[in-house]
Amino acid sequence: MTTTVRKIEYLSIIYKAIQLTEWSQSYTQYRVADSAVCDALNWALQYPAESGVASDLDDGEVVIVGQQFRIKVTPPASQLGFKVYEDKTGFLKDNPTGSVSDFFVMLDAFFSKDQNKPNWFSDYQAALELVSCLKKAAVHYQGTQIIFVDNKKKLELPVLMDGETLNGFSKAELSKLLNFLREESLHGEQKYAIFADTVTDLIKLEPLDNRFNSLLRQLEKLYQKMLHSYNLFCADFSYEKFKEKLAASRLDDFTKAHKIFSDIQNQILGIPAATFIVATQMKQVANGYASPEFWANSGILLGCVIYAVLMLCTLNNQSETASVINNEISRQKNKIKKELGLNSELPKDIQDLFSPLDIRIKNQQNVIYFLQWIVSLGLFACIIAYAVQSF
């Protein structure tokens, strides 16, 4: 069975062999040049509805090398997903964002899988690199529409290319721009934010259909304005300032965490001991269920159970609070790594800012686990004392 990929290759071989420049209106004479064309024609003539290729040969007749016959070529079936264009203008109009993968351009006899590509297609691929960066900087994109925001208003950038602009834009300036955006640095997000602001500033007064081509013609200006804005940003940024701001934020977080833990902790410290103390208040029962001591012991046990359950609920709430704060600290650490462009651990001086909080939370969790065991043991001791004294 012939695969779709192979069918498309067969059609490209036929188009090149007959030097296709337009779809046939009538049959023309053709002589089979070699075995590759022969194989392609034998498939195409066997399935004319799919290939769009017909001839004056008898049905089922096998084509051989050197054979002459009349042939007619029309567009292939759409289900093949193979687009054929007369020239680069039609290609650029239909495929400004690189969405069409299998195609043939008649004027250049260019098939999408060819190793040797025309100059205009190399320029087109370079322009797609810019499109990729624009999409990353935009607030939204769909199809050929890239959306930015300028002064809280939507600014559209349709990706529309023409051959003249592709032939004239500076590949060197584009290369500098792409290298600047993609190089590893502390300010990757800020670079793209500056890029978006600079783009909107350059295109907002341009006619809608000319915005992308205008951007291609102004790559040097775009790069210089970006570089200037980025240098101003860096002049206002320093690692020490970042640390100072972070230290102030961590102090505020530590204060909040301390208050959350202290408010509850002051209320619960005495309760675990109470579960042991009440056990000592139970008295020996002499006359079974009729004895007042039995009912007094039962009341003490019921009170102890209620206190223990409330205490464990409170401690569980404390444990969940500690987990939430710990998760928030982890989120902030990851955010800082992203801001600083780090793939490994935070620098020691920044990690030290988090250490007091980390230690405070760990200690609080240890205290909670200890109190949970104490409460459980106290409740168990109370039950044992009840059983010994009452039965």
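Check the entry above for the structure.
Residues numbered from 1 in each chain as written. Predicted model: local features only at pLDDT ≥ 70, side-chain atom pairs only at ≥ 80, totals over all residues. Heavy atoms only, no water.

Undergrad: Give a detailed account of the sheet that holds strand β2 (residues 53–55), specifying residues and quantitative values.
TA: With antiparallel pairing, 3 strands are arranged side by side in an open sheet as β1-β3-β2. Two strands in the sheet have a free side with no partner beyond their single neighbour: β1 (28–31) and β2. Shown here is a sheet whose adjacent strand axes are inclined to one another by a mean of 45°, direction ignored. Two strands pair when backbone bridges link them, and β1 and strand β3 (residues 68–73) are joined in this way by 4 bridges, in the antiparallel orientation. (Pairing = 2+ DSSP bridges. Helix = DSSP H or I, 4+ residues; strand = E, 2+ residues; numbered from the N terminus. Axes fitted to C-alpha atoms, helices over the stretch in contact; angles between N-to-C directions.)

Undergrad: Talk me through the sheet that holds strand β9 (residues 153–158); I want residue IDs and the actual numbers.
TA: Reading across from one edge, β7-β8-β9 is the order of the 3 strands in this open sheet, with antiparallel pairing throughout. Of all the strands in the sheet, just β7 (140–142) and β9 have a single pairing partner and so form its edges. Neighbour-to-neighbour, the strand axes of the sheet open up by a mean angle of 25°, direction not taken into account. Alignment of strand β8 (residues 145–150) against β9, held across 6 bridges, turns out to be antiparallel.

Undergrad: Give a description of the nonpolar core that names residues and reports values.
TA: Among the nonpolar cores identified, the biggest contains 47 residues, and L134, F148, M161 and F195 are the most heavily contacted of them. Per-element tally for this core: the top contributor is helix α5 (residues 119–137), with 11 residues. Contacts of F195, omitting those with residues within four sequence positions, involve L130, C133, L134, A137, L177, L181, L222 and M226. The next biggest cluster of nonpolar side chains, apart from the first, holds 26 residues, and it includes I8, V37, L57 and F111. (Core = buried A, V, L, I, M, F, W, Y, C linked by side-chain atoms within 4.5 Å. Buried < 20%, exposed > 50% of the residue type's maximum accessible area, 1.4 Å probe, protein only. Contact = heavy atoms within 4.5 Å.)

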